Amino acid sequence: MTVELCPCNSGVPYGECCEPLIRGTRQAPTAESLMRSRYSAYVKVEIDYLYETTHPAHRKGYDHEGTRQWAEKSKWDGLEIVSARGGEGDTLGEVEFVATYHDGDQVYAHHELGKFRKLDGRWFFVDGRMVGQKPLVSSKVGRNEPCPCGSGSKYKKCCGK
């Protein structure tokens, strides 16, 4: 018998990781664990859990049917946690993550910085914003230095013309 690993990419069986949170038998101890369980809820199309773990002050306008349709039509490929803050003793948290999925033949990477808040000892999703590409870091190349394109010529004789 094969054990189903959790969709959140924790490497832990689903029944020990996100399923108890989604079923309500255990609360998320950290903002990251709530984020992971919400991703798993999208994979498992557990729309009520997504609503219930949205902060009560941010539930107005929640689109149950639109969320269900998006979750059902998407093929979820994986979750990568980029960074996370918000431990058991905290009341505020942030989780930067990338969720990859297919919609038909198109592959998407949903890169978001999620905001989380603890209310009455329970973590809730508050809001998220898309994370754009980080700017490229460039250093100035001297005219007599090797060209960064790899040609072997000096910069002034190659790309620096």
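Refer to the structure above for everything that follows.
So, here is what we can say about the structure in this document. (Residues numbered from 1 in each chain as written. Predicted model: local features only at pLDDT ≥ 70, side-chain atom pairs only at ≥ 80, totals over all residues. Heavy atoms only, no water.)

We now examine the nonpolar core. Residues Cys18, Met35, Leu79 and Phe116 are the most contacted members of the largest nonpolar core, which totals 28 residues. Those elements that provide at least two residues to this core are helix H1 (19-23), helix H2 (31-44), helix H3 (47-52), strand E1 (75-85), strand E2 (92-103) and strand E4 (122-130). With 6 residues, the top contributor of residues to this core is H2. Here Cys18 is in contact with Cys6, Cys8, Arg36, Ser37 and Ser40, once residues within four sequence places are set aside. (Core = buried A, V, L, I, M, F, W, Y, C linked by side-chain atoms within 4.5 Å. Buried < 20%, exposed > 50% of the residue type's maximum accessible area, 1.4 Å probe, protein only. Helix = DSSP H or I, 4+ residues; strand = E, 2+ residues; numbered from the N terminus. Contact = heavy atoms within 4.5 Å.)

Moving on to the sheet that holds E4. Strand order in the open sheet formed by 4 strands is E1-E2-E3-E4, with antiparallel pairing between adjacent strands. Of all the strands in the sheet, the pair left with one neighbour each is E1 and E4. Put simply, the sheet's adjacent strands are angled 30° from each other on average, direction ignored. Bridge count for E2 against strand E3 (residues 106-119) is 12 bridges, and the pairing is antiparallel. Directly across from Gly93, in E3, lies its bridge partner Phe116. (Pairing = 2+ DSSP bridges. Axes fitted to C-alpha atoms, helices over the stretch in contact; angles between N-to-C directions.)

Two faces make up the sheet, and in a regular strand the side chains alternate between them. Bridge count between E1 and E2: 9 bridges; the pairing is antiparallel. Looking at the pairing, Ala84 lines up with Val95 of E2.

Our next topic: the pattern of salt bridges. Counted by the stated rule, this structure contains 8 salt bridges. Here Glu19 ties to Arg23 by a salt bridge, and the two come within 4.0 Å at their closest N and O atoms. One end of the pair, Glu19, and the other, Arg23, are both in helix H1, 4 residues apart, so they sit about a helical turn from each other. Between Lys115 and Glu94 there is a salt bridge whose closest N-O contact spans 2.3 Å. Of this pair, Lys115 sits in strand E3 while Glu94 sits in strand E2, placing them 21 residues apart in sequence. Accessibility expressed as a relative area gives 33% for Lys115, which makes it partly exposed. Sharing partners across several salt bridges, the network here consists of Glu19, Arg23 and Glu46. (Salt bridge = Lys/Arg side-chain N within 4 Å of Asp/Glu carboxyl O.)

Nothing here speaks to function; it is all geometry.
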